[in-house]
Amino acid sequence: PHRPHVPMTPYAYRAVGPGGQIVRGRLDARDLPDLERRLARLGLELLRGKPAIALQLPGRPAIPRRELINFCFHLEQFLQAGVPILDSLADLRDSLDHPRFRPVVANLITAIEGGQRLSEALLQHPQVFDGVFCSLVRAGEQAGELPRVLRALAAALKRDDELAAFTRRIAIYPLIVCAVILAAIGVALIYVVPELARLFQTVGQALPLQTRILIALSGFVRGYGWLLALALVAGTLAFRHALATRPSLRHDVDALKLRLPLLGEVRRKLILARFTGLFGMMYASGITIIDALRAAEDVVGNTALKAGLQQAGRRIEQGAGLSEAFAGVELFPPLVTRMLRVGESTGALDQALSNVSYFYERDVREAIERLQASIEPALTVILGLLLLAVMSAVMLPIYDIVSRMKL
């Protein structure tokens, strides 16, 4: 008889490793005996375990993308060499060092030993393997071409990682400069300006407007800085909660992100580059356009673009062609829709989608390089003007004091 499905529960455990070391972590299991069996497969002996809430920071991926790249690469190599799927996953599990990914692979082994296919086992971990990943693996299993699909997935994840690295280049330099500026201004307002204010008060001379503003700002930061920081943290948390609970607000904010000067267009191209690459890969694997579109629209990460893709999907269901549907919702520029139209007419739609993905990836790289080249001098000028304003507010009264002393 078929055993009823028992839902998995995240457990926090304390165990002993092979060398006698104490290991703490989290692992999904049906109950404590199941947790003990799963830990035994990892070479650990359970000491204590209890149900725990799985915590994950907002915006933080459950597993780094590089771990997924290695997962696809090694599994593809094992399967290509004729190693059975269970042995492949067992070898992969034993070679993993990542504390959160190793239990996931152990759970995959258990699910497959219970009679599930790899794609079905992957579906139990949606925080690690998204809908596109699972759909492609399922298509590879049905076509008997799982190694080829895993190779394509590894290549797609590498492209995503490269594009993410490009976007980080924009953020790192401004963040460092802003942190240095804020630290310097904070030290000046908290420690330097109050001493100068006492000096100016002793002399009793009239102060310029910018100096009075600087002294007032210093007093506010010293007296209410903690309240300002608390309000900033509370406002950020409240805004994130509103984004998570109010879909209309999330849609408006996502639409605003796409309309931002310079950065909005880069963000749009980055999202569409990933979407077209994954969509083309799914179509080439034999997944229907509607199913591929529905699976790929979940990876865009922007509700405004997702709504456009859903609208295009409805137009396709009503009989419109892919290029016509995308042109109707103004997702892509005319050049791209023409490329898709040619792909449809020649029967090479997968190649056309690959060309579109390359088109966007190239544009993203060029746009990021241009932004990086323009941001650095702009920040230098802003830093210089800010320091000039602070120095003038401090030095002008000191200059007046020195001039009077000479007289």
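Computed from a predicted model, the values in this text were never measured in an experiment.

Cut-offs and rules
- Residues numbered from 1 in each chain as written.
- Predicted model: local features only at pLDDT ≥ 70, side-chain atom pairs only at ≥ 80, totals over all residues.
- Heavy atoms only, no water.
- Phe/Tyr/Trp six-rings, centres within 6.5 Å; stacked < 30°, edge-to-face > 60°.
- Buried < 20%, exposed > 50% of the residue type's maximum accessible area, 1.4 Å probe, protein only.
- 1 Å grid on protein atoms, 1.4 Å probe; cavity = no way out; pocket = protein on both sides within 12 Å on 5 of 7 lines; lining within 4 Å.
- Points joined across faces, edges and corners; volume = space filled by probe spheres on them.
- Helix = DSSP H or I, 4+ residues; strand = E, 2+ residues; numbered from the N terminus.
- Nonpolar A, V, L, I, M, F, W, Y, C, P; charged D, E, K, R; others polar.
- Salt bridge = Lys/Arg side-chain N within 4 Å of Asp/Glu carboxyl O.
- Axes fitted to C-alpha atoms, helices over the stretch in contact; angles between N-to-C directions.
- Parallel < 35°, antiparallel > 145°, perpendicular 65-115°, else oblique.
- Contact = heavy atoms within 4.5 Å.
- Pairing = 2+ DSSP bridges.

(A) Broad picture of the packing of aromatic side chains. Counted by the stated rule, this structure contains eight aromatic pairs. With 5.1 Å between their ring centres and 45° between their planes, Phe-129 and Phe-133 make a pair best called tilted. Accessibility classification places Phe-129 together with Phe-133 in one group, the buried group. Between Phe-359 and Tyr-360, the aromatic rings sit 5.4 Å apart at their centres with planes inclined by 75°, giving edge-to-face as the arrangement. A single burial state applies to Phe-359 and to Tyr-360, both of which are buried. An aromatic cluster of at least three residues, connected via ring pairs, comprises Phe-71, Phe-101, Phe-129 and Phe-133.

(B) Summary view of empty space enclosed by the protein. According to the stated counting rule, one finds two cavities of 30 Å³ or more in the structure shown. Considering only enclosed or pocket space, the largest cavity measures out at about 50 Å³ in volume. Within the residue set of the lining of the largest cavity, elements represented by two or more residues are α7 (146–203), α10 (263–284) and α15 (349–406). Split by residue class, the lining of the largest cavity holds four nonpolar, two polar and four charged. If you add up the space inside the second largest cavity, you get close to 30 Å³. Mapped onto the lining of the second largest cavity, the elements with two or more residues apiece are α7 and α8 (209–245). At four residues, α7 tops the list of elements feeding residues into the lining of the second largest cavity.

(C) Representation of the pattern of salt bridges. Evaluation of the coordinates by the stated rule reveals 18 salt bridges. One salt bridge connects Glu-145 with Arg-148, and the closest N-O pair in it is separated by 2.7 Å. Note that Asp-254 and Arg-250 form a salt bridge whose closest N and O atoms lie 3.2 Å from each other. Taken together, the residues span about one helical turn, with Asp-254 and Arg-250 both in helix α9 (residues 247–259) at a distance of four residues. The exposure class assigned to Asp-254 is buried, which follows from its relative accessible area of 1%. What emerges from the salt-bridge pattern is a single network uniting Arg-159, Glu-162, Glu-361 and Arg-365.

(D) Local environment of the packing of α9 against helix α12 (residues 303–317). At a minimum axis separation of 7 Å, α9 and α12 run at an interaxial angle of 95°. Put simply, α9 runs roughly perpendicular to α12. Judged by residue contacts, Arg-250, His-251, Asp-254, Ala-255 and Leu-258 of α9 engage Thr-303, Ala-304, Leu-305 and Ala-307 from α12. Of the residues in the contact of α9 with α12, the class split is five nonpolar, two polar and two charged.

(E) Broad picture of the sheet that holds strand β3 (residues 45–51). Taken together, the three strands give an open sheet; going across it, the order is β2-β1-β3, and neighbouring strands pair in antiparallel fashion. This sheet does not close on itself; its edge strands, each paired only once, are β2 (22–29) and β3. On average, each strand axis in the sheet is tilted by 30° relative to the strand beside it, whichever way the strands run. Of the pairings in the sheet, the one linking strand β1 (residues 9–16) to β3 comprises six bridges and is antiparallel in character. Note that in β3 the partner of Tyr-11 across the bridge is Pro-51. The strands touched by helix α1 (residues 32–41) within the sheet are β1, β2 and β3, with β2 carrying the most contacts at an inclination of about 120°.

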